Amino acid sequence: MPGAAQRVDVAAVEAELGDSSFVLDEIDADGADSVQVHLRLRPTAEDEECAWRTTLDTATIMLDPGIAAKKLQPNAGMAYHFDGLHTDSSNASLYASLARPLVQSVLRGYNALVFAYGQTASGKTFTLSGGANEEPGIIPRAVCDIFQGICQGSSKREYLVRLSYLEIWNEIVKDLLDPTSTPQVRDDRRRGPNAVFIAPLQEEIVSSPSQVFDLLARGEENRHIGATDWNERSSRSHTCLKITVESWERDALHDDEAKVGRHYRISELHLIDLAGSERNSFYSANRRAEGANINKSLLSLSKVIYALSERQATGRPAPAHIPYRDSKLTRILQNSLNGSARVAVVCTLNPSPAMVEESLGTINFARRIKHVAVRAQPNEFDGDLSVLVGAPCTETQALLARYRAEMGALRAKVASLQQAPRTPTPSTPDSAPHTPTQSKPVSLDALQARLDQLGTLILRGGSVQESSAAPHPVSPAKRRGFTFDDPLPRVQEKLHAALTKIGRLERALATRIMLPEMADEKDRLIGDLLQQVRELEVVCQAQREDDAPSYEARLDEAEEKIAARDAFLEELTVECARLRRANKELVLLAHQETARMVEAAQPKRRSPIMSLFAPQLRPATVLGMAPCASTPLQSSPLRAWKQHKASIVSIDASESESSSDLSNSGLAELLEE
Ligand SMILES: Nc1ncnc2c1ncn2[C@@H]1O[C@H](COP(=O)(O)OP(=O)(O)OP(=O)(O)O)[C@@H](O)[C@H]1O
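Remember, predicted model here, so these are calculated numbers, not experimental data.

### Some details on the overall build of the chain
Move 1: Helices and strands together make up the secondary structure of the chain, namely 20 helices and 19 strands.
Move 2: Burial analysis of the chain (673 residues in total) assigns 41% to the buried set.
Move 3: Counting only carbon and sulfur atoms, one obtains 57% of the accessible surface of the chain, whose full area is about 36700 Å².

### Observations regarding the nonpolar core
Move 1: Leu39, Trp52, Ile61, Phe115, Leu301, Leu337 and Ile369 are the most contacted members of the largest nonpolar core, which has 55 residues in total.
Move 2: If one sorts the elements of this core by residue count, helix H7 (residues 285-314) sits on top with 7 residues.
Move 3: Non-local contacts of Phe115, meaning those with residues more than four positions away in its chain, are made with Leu128, Ile272, Leu274, Leu301, Val343, Ala344, Val345, Val346, Phe365 and Ile369.
Move 4: Within the second largest apolar cluster, 39 residues are counted, among which are Ala112, Tyr159, Leu177 and Leu216.

### Some thoughts on helix H8 (residues 328-337)
Move 1: Burial analysis of H8 places 9 of its 10 residues in the buried class, which makes it a mostly covered element.
Move 2: Looking at H8, one finds that the buried residues are Leu329, Thr330, Arg331, Ile332, Leu333, Gln334, Asn335, Ser336 and Leu337.
Move 3: Just past H8, the residue Gly339 takes up positive phi, approximately 105°.

### Observations regarding the packing of helix H5 (residues 138-152) against helix H6 (residues 209-221)
Move 1: The contact between H5 and H6 brings their axes to 9 Å, and the two run at 150°. Looking at the two axes, H5 sits roughly antiparallel to H6. The element H5 and its partner H6 pack so that their crossing is right-handed. Residues Ile139, Pro140, Val143, Cys144 and Phe147 of H5 lie in contact with H6, whose contacting residues are Pro209, Val212, Phe213 and Leu216.
Move 2: Partitioned by chemical class, the residues of the contact of H5 with H6 number 9 nonpolar, no polar and no charged.

### Remarks on the side chain of Asn335
Move 1: Secondary-structure assignment places Asn335 in helix H8.
Move 2: By relative accessible area, Asn335 is classed as buried at 14%.
Move 3: Once residues lying within four places of it in the same chain are set aside, the contact partners of Asn335 are Asn194, Ala195, Val196 and Ser340.

### So, the packing of aromatic side chains
Move 1: Per the counting criterion, the structure on display carries 2 aromatic pairs.
Move 2: With centroids separated by 6.5 Å and ring planes inclined at 75°, the aromatic side chains of Phe115 and Phe365 adopt a geometry described as edge-to-face. Taken together, the residues Phe115 in strand E7 (residues 111-118) and Phe365 in helix H9 (residues 356-369) connect sequence positions 250 residues apart.
Move 3: Judged by relative accessible area, Phe365 falls into the buried class, the value being 4%.
Move 4: Plain terms: the ring middles of Tyr117 and Phe365 are 3.7 Å apart, the flat faces sit at 5° to each other, and that makes the pair stacked. Here Tyr117, found in strand E7, pairs with Phe365, found in helix H9; they are 248 residues apart in sequence, far enough to count as distant. Note on accessibility: Tyr117 and Phe365 belong to one class, buried.
Move 5: Within the aromatic cluster, the residues linked to one another by ring pairs are Phe115, Tyr117 and Phe365.
Move 6: Above the ring of Tyr110, the side-chain terminus of Arg342 is found at 3.7 Å from the ring centroid.

### So, a negative patch on the surface
Move 1: Residues Glu552, Asp556, Glu557, Glu559 and Glu560 make up a contiguous surface patch of negative charge.
Move 2: For Glu559, the position within the fold is in helix H16 (residues 519-601).
Move 3: Take Glu559: its relative accessible area is 48%, and that puts it in the partly exposed class.

### Brief notes about a nonpolar patch on the surface
Move 1: Together, Phe568, Leu569 and Leu572 make up an exposed nonpolar region whose accessible area comes to about 310 Å².
Move 2: On the secondary structure map, Leu572 appears in helix H16.
Move 3: On the accessibility criterion, Leu572 (42% relative accessible area) is partly exposed.

### A word on the packing of helix H3 (residues 91-107) against H5
Move 1: As a packed pair, H3 and H5 sit with axes 9 Å apart at the nearest point and diverge in direction by 45°. Taken as axis vectors, H3 and H5 run oblique relative to one another. The crossing of H3 and H5 is right-handed. Between H3, through Asn91, Ala92, Leu94, Tyr95, Ala99, Arg100, Val103 and Leu107, and H5, the contact on the second element is made entirely by Ile138, Arg141, Ala142, Asp145, Ile146, Gly149 and Ile150.
Move 2: Grouping the amino acids of the contact of H3 with H5 by side-chain chemistry returns 10 nonpolar, 2 polar and 3 charged.

### Describing the pairing of strand E17 (residues 341-349)
Move 1: Among the 9 residues in E17, 9 count as buried, and that is most of the element.
Move 2: Here E17 shows no split at all, with Ala341, Val343, Val345, Cys347 and Leu349 on one side and Arg342, Ala344, Val346 and Thr348 on the other all buried.
Move 3: Note that E7 and E17 share 8 bridges and pair parallel. For Asn111, the partnering residue across the bridge sits in E17 and is Ala341.

### Some words on the pairing of strand E2 (residues 36-41)
Move 1: The element E2 is largely enclosed, with a buried count of 5 among its 6 residues.
Move 2: Bridge analysis of E2 against E17 gives 6 bridges, and the strand direction is parallel. Each bridged residue has a counterpart across the sheet, and for Leu41 the counterpart in E17 is Leu349.
Move 3: The sheet contact formed by E2 and strand E6 (residues 84-86) spans 3 bridges and is parallel. Paired with Leu39 across the bridge in E6 is Leu85.

### A few points about the pattern of salt bridges
Move 1: Per the counting criterion, the structure on display carries 16 salt bridges.
Move 2: Linking Arg53 and Asp64 is a salt bridge whose minimum nitrogen-to-oxygen distance equals 2.2 Å. Placement of the pair is Arg53 in strand E3 (residues 52-55) and Asp64 in the loop between strand E4 (60-63) and helix H2 (65-69), with a sequence separation of 11 residues.
Move 3: The exposure class assigned to Asp64 is buried, which follows from its relative accessible area of 12%.
Move 4: The partner of Lys303 in a salt bridge is Asp326, and the shortest N-O contact between them spans 4.0 Å. Remark: Asp326 occurs in the loop between H7 and H8 and Lys303 occurs in helix H7; sequence separation between them is 23 residues.

Quick notes on the rules
Residues numbered from 1 in each chain as written. Predicted model: local features only at pLDDT ≥ 70, side-chain atom pairs only at ≥ 80, totals over all residues. Heavy atoms only, no water. Helix = DSSP H or I, 4+ residues; strand = E, 2+ residues; numbered from the N terminus. Buried < 20%, exposed > 50% of the residue type's maximum accessible area, 1.4 Å probe, protein only. Areas by Shrake-Rupley, 256 points an atom, 1.4 Å probe, with all protein chains shown as cover. Core = buried A, V, L, I, M, F, W, Y, C linked by side-chain atoms within 4.5 Å. Contact = heavy atoms within 4.5 Å. Axes fitted to C-alpha atoms, helices over the stretch in contact; angles between N-to-C directions. Parallel < 35°, antiparallel > 145°, perpendicular 65-115°, else oblique. Left-handed = near helix turned anticlockwise from the far one by under 90°. Nonpolar A, V, L, I, M, F, W, Y, C, P; charged D, E, K, R; others polar. Phe/Tyr/Trp six-rings, centres within 6.5 Å; stacked < 30°, edge-to-face > 60°. Lys NZ or Arg CZ within 6 Å of the ring centre and 35° of its normal. Patch = residues over 30% accessible without salt bridge, like charges linked within 9 Å, V, L, I, M, F, W, Y side chains within 5 Å. Salt bridge = Lys/Arg side-chain N within 4 Å of Asp/Glu carboxyl O. Lys, Arg positive; Asp, Glu negative; His and termini not counted. Charge placed at Lys NZ, Arg CZ, Asp CG, Glu CD. Pairing = 2+ DSSP bridges.

As structure tokens, this is what we get:
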């Protein structure tokens, strides 16, 4: 049957995982009504000291008494108890106890959020993604469990799995699967007052764990990673992997109809690796800004958690303001933190005594988030998908139903084409056989190729035995002469990769200018474009010509101003020199005159002319010097002469205009008299 849904190969998936311990549990016995909080203390390196004492049985942790005694806080030595405590390097046990129950929930239709919180180098990425090559973290284990769950799912359900992968770096949301796009976070009012969606965001449909890992590897290449004081490969951004699982009950007769009662489920699993907080580092300004943005968004997360836990503690009925809008991180987590998702958190601690303050901050966050209320309900619809179809993120909602509807329409077309009567046409010996039915296989091929493509995207649960009885889909690749040496999942992966590439190329092609197929049309278009280029060149030339005279006039004007200023400066310099010369001559004259008068006054009584002007006519006064009470002119002629000389030197040095004026006018007149 063309376009049959793909049956997941349990054995292949198990081989990929190396872990077949997952058992799908359809009964919601472990429904958590509070956030599950586990603490993880990174093991110490050989020469490292540990600041903490732990009791694993009771999941209790406390500060080393010696270190606690040195702390100022009165409760520094208190013991903290959580849902789980991990001090080793085993991600398997942490995953099984913390995250696996949430994966079960996702397969039952619940939304879920798992994230790691802690300072830099405390082990968040190790917990989420795992160590190099060994100890796979929560993400790979959850991915494998989802596919195992689908394998084990009821043979009456079929599934569609898709994922998106984004990062928040410096408060910018970046699509790691399509770094050219710039996603925005928007309100999704149809889904409730606190719901948001992110668009545009590339979502890839996946049908095996290795497809997911390929996509994650592709996304990792686009991530921001750097070195901090504590971690050589530190995540400098928050990453958010979203896996959406859609499923509905199969109906052997009406597979392609979204009928009431078919229990359609859509659930989302968010796996978030937060960037680590860090103290001020000595890196570049860009790195400090990056660190500041990380710290700011983590602070806003703490504020949101604080507000949510306060609301729970006070039991206020009306929702208090929750500052989701303070950062992109809290906006994106809004859908999950508003109570409609099950939440599990791993709070990671750096064991170093130097990091005790940061670790206490992490413990406080862990205690706060434990009090956030969870009221998650399964997202199950009884076939009425209108709620989803009209949503803003409409292309990505209820994709399974959409594809199934498309497959129904395609099948109907195929059937009608196959039943169409063949019209015999007379063939002539000199003409090639040409019948209307000649185009039919082409169109059938296209329809069947699309049917097969859709079939590979939809996964069917159930046992492996059943799959051998199912008709094998006719692959378009086979019709094109490809061999099938690869195992089925590998071939499907290749096909999926090829389809994704085709999609990308088609999108790129859509943005290009299309040349018409007809030669004259092409020539006309090229002619038009050349004409436009010529016209633009003319406009540019005219613009240049218009502007040139005005620039030249302004240049001339500026040059004239400069020349006038230079001439004025020259005049000033000449005038200054002339005045300086005149001043010197006058000063010299004054000296001679004063000396002569002093000489004349010496043996006789004071000359009548001097008495006339005294005391104003003392030489110092004449020359602009303040009269000195202790040195009357008549007391010592020699001393007076020295003072005159000193005042002359000082006036001469200052070259003051007033003194030269005085020398030029007042003194000259006086001397003439
Ligand atoms: N439980 C653990 N067992 C063994 N090694 C660990 C464990 N936790 C962390 N590590 C090692 O410590 C180092 C830092 O861990 P990791 O990169 O996961 O920190 P992080 O909290 O994600 O840091 P950042 O926020 O800077 O990205 C890594 O080399 C990692 O392998």
